[in-house]
Amino acid sequence: MTTIVAFHAHADDPVLLSGGTLARAAADGHRVVVVVATDGLDDSVPTQRWRELEASAAILGVRRVVHLGYADSGHGPELYPDPPGRQRFARADTEEAAHRLAAVLHEEKADLLLGYDPNGGYGHRDHVKVHEVARRAARLTGTRLLEATLPRDTVVRLVRVVRALRIPFRYDHAAFGRLYSPASAITHRFDVRRFAGRKQAALAAHVSDVRGSGRFSAVLRVLVWLPAPVFALVAGREWYVEVTETRSRALQVSARSGRSRPRR
């Protein structure tokens with residue numbers, strides 16, 4: 001049994017890019033932990049989105065959910081002031097946030113960390129920050145790192161389908177051809193169609209986002225309402241890019257933390 005830590009920006013993020021991977025790993029007997037940077041607690045009281053995350057994670061077989069303590073930074077052109085008592089994740093010091101994540105990796109004795117590609121997928125500032133923090137935490141701990149992504153050509157095809165179906169989608173369609181990852185960079189392709197039902201149910205648990213009026217809500221509603229076989233075709237594969245960090249640096253940090261060797 002190994003321990004997999006999946007690091008995400010927001011409460012609804014673990015499902016779409018890596019939900020099938022997490023469900024498959026849990027079904028195979030691995031310990032799965034989800035760490036989210038934002039949308040967790042408000043004055044020590046769980047938010048609605050946090051409760052939905054816990055329900056969604058349970059469907060996937062996740063054993064533990066951790067909140068790093070930051071606030072959502074939003075996706076518009078303006079970065080709003082920090083809410084009382086919390087810092088927006090985009091403003092967080094990368095080193096400090098990486099040490100928070102590294103503490104979880106050490107506590108869990110993690111074998112594998114899942115993060116995001118350099119573009120943060122579709123470019124959300126919090127997703128880009130996840131990429132930066134995950135890379136730094138992987139260096140600090142010597143943990144193997146896979147970055148969740150999508151092939152750009154697949155994204156372009158999906159956006160065309162969304163436009164053809166006239167599903168409301170408030171994003172720059174042209175930008176998607178420059179984001180995510182080129183197919184040549186992808187190192188791992190997972191067939192998770194067996195777990196598509198679980199992935200769809202986990203997505204449906206995020207009621208606030210599915211029924212909301214956010215940029216992506218209309219697309220989420222379509223995904224939740226799709227017949228199971230169609231959803232499996234659309235969301236039954238997941239992609240990653242493996243990142244190999246500097247071995248000497250990982251060895252130095254491992255020695256300081258009392259580990260005999262970095263995990264690879």
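Residues numbered from 1 in each chain as written. Predicted model: local features only at pLDDT ≥ 70, side-chain atom pairs only at ≥ 80, totals over all residues. Heavy atoms only, no water.

Asks: Residues and numbers for the pairing of strand S2 (residues 31-36), please.
Replies: Regular strands show a simple pattern: their side chains alternate between the two faces of the sheet. When you tally the buried positions in S2, you get five out of six residues, the bulk of the element. Looking at chain direction, strand S1 (residues 3-8) and S2 are connected through six bridges and run parallel. Looking at the pairing, His8 lines up with Val36 of S2. Assessed by its sense of winding, the connection that carries the chain from S1 through helix H1 (residues 13-27) to S2 is right-handed. (Buried < 20%, exposed > 50% of the residue type's maximum accessible area, 1.4 Å probe, protein only. Helix = DSSP H or I, 4+ residues; strand = E, 2+ residues; numbered from the N terminus. Pairing = 2+ DSSP bridges. Right-handed = clockwise from strand over helix to strand, strands pointing away.)

Asks: Report on the side chain of Ser181, specifying residues and quantitative values.
Replies: Position of Ser181 relative to the elements: it lies in the loop between helix H6 (152-164) and strand S8 (188-191). A polar contact of 2.7 Å, which involves the side chain of Ser181, links it to the side chain of Thr149. Setting aside residues up to four positions removed in sequence, Ser181 forms contacts with Asp117, Thr149, Leu150, Pro151, Arg152 and Val241. (Polar contact = N/O pair within 3.5 Å; in protein donor to acceptor, adjacent residues only side chain to side chain. Contact = heavy atoms within 4.5 Å.)

Asks: Can you lay out the side chain of His127 for me, pointing to particular residues and giving the numbers?
Replies: Inspection of the secondary structure puts His127 in helix H5 (residues 125-141). When its relative accessible area of 5% is taken as the criterion, His127 is described as buried. Sequence-distant contacts of His127, defined by excluding residues within four places in its chain, comprise Ala9, His10, Asp13, Tyr116, Gly120 and Tyr122.

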